[in-house]
Protein chains: 2
Amino acid sequence: MSSNSPHQRRGNTRQRIQDVALELFAEQGYEKTSLREIAERLDVTKAALYYHFKTKEDIIISVFQDLTQPIDDLIEWAEGEPRTLETKREVLRRYSEAMAAGTSLYRFMQENQATVRELSIGDTMKKRLFALVELLRAPDAPLADQVRCISALFTLHAGMMFLQHVEGDPEETRKAALEVATDLITRAHHQQQP
Amino acid sequence: MSSNSPHQRRGNTRQRIQDVALELFAEQGYEKTSLREIAERLDVTKAALYYHFKTKEDIIISVFQDLTQPIDDLIEWAEGEPRTLETKREVLRRYSEAMAAGTSLYRFMQENQATVRELSIGDTMKKRLFALVELLRAPDAPLADQVRCISALFTLHAGMMFLQHVEGDPEETRKAALEVATDLITRAHHQQQP
DNA sequence: GTCTATAAGAGGATAGAC
DNA sequence: GTCTATCCTCTTATAGAC
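Residues numbered from 1 in each chain as written. Chains lettered and ligands numbered in written order. Predicted model: local features only at pLDDT ≥ 70, side-chain atom pairs only at ≥ 80, totals over all residues. Heavy atoms only, no water.

**Some remarks on the confidence of the model for chain A**
Let me state the cut-off plainly: Predictor confidence is given residue by residue as pLDDT, running from a minimum of 0 to a maximum of 100. Residues are treated as being in contact if the distance between any of their heavy atoms lies within 4.5 Å.
Chain-level pLDDT for chain A is 92 on average; 92% of the residues reach the 70-or-more range. Every residue in residues 1–9 of chain A scores below 50 in pLDDT, and together they form 13 contacts with partners more than four places removed in sequence or on other chains.

**Quick word on the domain arrangement of chain A**
Residues and elements named next belong to chain A. Here is the rule we go by: By convention here, the domain bounds are inherited from an automatic or database domain assignment. Summed over both partners, the accessible surface that disappears when two parts come together, traced with a 1.4 Å probe, is what is meant by buried area. The working definition used for a salt bridge is a side-chain nitrogen of Lys or Arg within 4 Å of a carboxyl oxygen of Asp or Glu. Counted as a polar contact is a pair of N or O atoms within 3.5 Å, where, for protein atoms, one must be capable of donating a hydrogen and the other of accepting one, and residues adjacent in sequence contribute only when both atoms are in side chains. Side-chain classes follow a simple rule in which Ala, Val, Leu, Ile, Met, Phe, Trp, Tyr, Cys and Pro form the nonpolar group, Asp, Glu, Lys and Arg form the charged group, and the remainder, Gly included, forms the polar group.
Domain assignment breaks chain A into domain 1 (1–54) and domain 2 (56–192). Computed from C-alpha atoms alone, the centre-to-centre distance between domain 1 and domain 2 is 27 Å. The interface is formed by 16 residues belonging to domain 1 together with 18 residues belonging to domain 2. With both chains or domains summed, domain 1 and domain 2 bury close to 1,600 Å², and 67% of this area falls on carbon and sulfur atoms. At the boundary of domain 1 with domain 2, the tally comes to 0 salt bridges. Inspection of the region where domain 1 meets domain 2 yields 7 residue pairs in polar contact (both at pLDDT 80 or more). Residues of the side of domain 1 that touches domain 2, tallied by class, amount to 9 nonpolar, 4 polar and 3 charged.

**Some remarks on the protein's contact with DNA strand C**
For clarity, the cut-off: Any residue with a heavy atom positioned within 4 Å of a molecule or strand is treated as near that molecule or strand. Helix and strand definitions here come from DSSP, where helices need a minimum of 4 consecutive H or I residues and strands a minimum of 2 consecutive E residues; each element is numbered from the N-terminal end.
Near DNA strand C, the surroundings consist of 17 residues, among which Thr45(A), Tyr51(A), Leu35(B), Arg36(B) and Tyr50(B) are the closest. When atoms of DNA strand C within 4 Å of the protein are sorted by moiety, sugar and phosphate together comprise 59%. Contact between DNA strand C and Thr45(A): a phosphate oxygen at 2.7 Å from a main-chain N or O atom of the residue. Between DNA strand C and the protein, one listed contact pairs a phosphate oxygen with a side-chain N or O atom of Arg36(B) at 2.9 Å. Secondary-structure elements contributing two or more residues to the surface near DNA strand C are α3 (46–52) of chain A together with α2 (35–42) and α3 (46–52) of chain B. Considering each element in turn, the surface near DNA strand C owes the most residues, 4 residues, to α3(A).

**What to know about the protein's contact with DNA strand D**
Near DNA strand D there are 17 residues, and of these Arg36(A), Lys46(A), Tyr50(A), Thr45(B) and Tyr51(B) occur at the shortest range. Per the 4 Å cut-off to the protein, sugar and phosphate atoms form 57% of the nearby atoms of DNA strand D. One of the side-chain N or O atoms of Ser34(A) is found 3.3 Å from a phosphate oxygen in DNA strand D. When residues of the surface near DNA strand D are traced back to their parent elements, those giving at least two are α2 (35–42) and α3 of chain A together with α3 of chain B. In terms of residue class, the surface near DNA strand D is made up of 7 nonpolar, 6 polar and 4 charged.

What follows is the structure, given as structure tokens:
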């Protein structure tokens, strides 16, 4: 995973920039993190950053592309499957795992929505989120059931972010959130086809 | 409500600043909105802003204080009530209404969490959120039920923000979200005291 | 691939006239 | 209560030496 190894060797500077930048972006926000700060933490100069990335935005774009590939794969896979309850459950399961694998990025996106929306990755993210919702919901179901499907996704987010600060073991909390989310789509699905 | 009247008369400048600032903050984020921009939109100068507010942060603080009083009242009320299912339902109902009345502010806080966390209102907000969770959850309940209580709150948020861009009538969506949220705490409550 | 130096500008904030 | 003028700091970004 890109976020937990030091990468001390020369030649990995690009990777190290991505790691440090993501860490700082997630910690204190995108706008409040300056290139000077990133450079200082890496013991290089701002100019060195510009050798590897054309702009500040390019940094977060590259991180985003590297870490959200699993979601794209998941959507592509699910769109080729029958829309059964078991498929939906698998979607939630994999989505939860993908988030756990890229915690910092997802935390960043959750807490900097206003920023992300104006960045070029905003559109991509929005499209993916909509695609996921489309996989879960039934367009002709009652409104409350549609809400349940969206709420299921939000529950996974909540489980990743908010709950981690409250409870103990993150992995246990993640599983509890997954259980509740699965419960929600199950109800929505059953009321659809009793 | 502070966010839907023009306030054209002189002498309301303070109020007009609050209105315009909140609108811009919610639209494009706190950091990306400059005092110059706020002043321009009001056809005054930056210096005029500084007559009414000591800092940029002071502006959002004052808006926050004006619009989140209902939540404080709600918490105070609920802490004096028995922790029955009906009380919890009433909490969700009122919380949902309070959010509907201050949409812009809640949208702002939702989409600028990273910023809010570093502002002085961050602590206050966090305390309120925790107080709400404490009113809903039973500390000795299974983890999944605790998640349900938190998920109920997040569902109301989701209903306010995300869903509005998808579905038609906001008020209908709000009610559907409230229904799902109520459902969630009901399950958590019943499994607690069967 | 990394540095020094610097451009060019925007941001928040203040002093003091009117 | 609002303006003009200005300060100072920090930002992103570039040019060009090593």
